[in-house]
Amino acid sequence: MGRVFIVDLEGQIYSCKHCNTHLTKEQDIMSKSFQCRYGQAYLFNEVVNISTGNEEDRMLMTGHHTVTDIFCVGCGSNVGWKYVTAHDINQKYKEGKSVLELCKIVGPYDSNDLVCQEISRLEI
C-alpha cells in the first residue's frame, strides 16, 4: 500500500464528521434532493480524499445502478457512494458523481444540514 496524500481544499468545504478530512467544496454540489438510509444526502460533481469499495448493483429510488461505497481516507468511515453506471438513459448524468450522506459529513450549514447534525448527535 502506498502513502496516502491528503488534499486540502479552500473555501466553503464539507469534511468527514469523524476526522475532519476535507471531502469536497460547496460549489461542487449538483443536487440537494437525494435521500439515503439515514436521511438527506447531496450529489457532488467532485470529491477528494476518498477510497472506493467493490462495485455492486443496487436498486435505488431512481432505478438500477452500479455503485461503489466511498470511504474517507483519513479514518476509513463510509461517507456515501459513487455512481459507476446508470442503467437508465435518463440517469446517465450521475455516472462518476458522488453522493455524500449529510449525517456523515460536516460543512457550511443550511437548514437541512442542521437537521442532519441533530440526528448525528443522537447516534451512539
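Note that this is a predicted model, so its numbers are computed, not measured.

1. Notes on the sheet that holds strand β2 (residues 22-25)
Strand order across the open sheet formed by three strands is β2-β1-β9, with antiparallel pairing between neighbours. The strands lining the two open edges of the sheet, one partner per strand, are β2 and β9 (105-106). With two bridges connecting them, strand β1 (residues 13-16) and β9 associate as antiparallel partners. Bridge assignment links S15 to a residue of β9, and that residue is V106.

2. Topic: the packing of aromatic side chains
Applying the stated criterion to the full structure yields four aromatic pairs. Residues Y42 and F44 carry aromatic rings whose centres are separated by 6.2 Å and whose planes lie at 50 degrees to one another, so their mutual orientation is tilted. Relative to Y83, the ring of W81 has its centre 6.4 Å away and its plane inclined at 75 degrees; by these criteria the two rings are edge-to-face. You can call Y83 buried: its relative accessible area is 3%.

3. Topic: the state of the cysteines
What we call a disulfide is simply a covalent bond connecting the sulfur atoms of a pair of cysteines. Counted by the stated rule, this structure contains zero disulfides. No disulfide involves C72; its sulfur sits 3.5 Å from the nearest other cysteine sulfur, which is in C19.

4. Some points on unusual backbone geometry
A positive phi angle, near 65 degrees, is found at N20, a position not held by glycine. Within the secondary structure layout, N20 lies in the loop between β1 and β2. With a phi close to 60 degrees, N49 is a non-glycine residue in the positive phi region.

What counts as what
- Residues numbered from 1 in each chain as written.
- Predicted model: local features only at pLDDT ≥ 70, side-chain atom pairs only at ≥ 80, totals over all residues.
- Heavy atoms only, no water.
- Pairing = 2+ DSSP bridges.
- Helix = DSSP H or I, 4+ residues; strand = E, 2+ residues; numbered from the N terminus.
- Phe/Tyr/Trp six-rings, centres within 6.5 Å; stacked < 30°, edge-to-face > 60°.
- Buried < 20%, exposed > 50% of the residue type's maximum accessible area, 1.4 Å probe, protein only.
- Disulfide = S-S within 2.5 Å.

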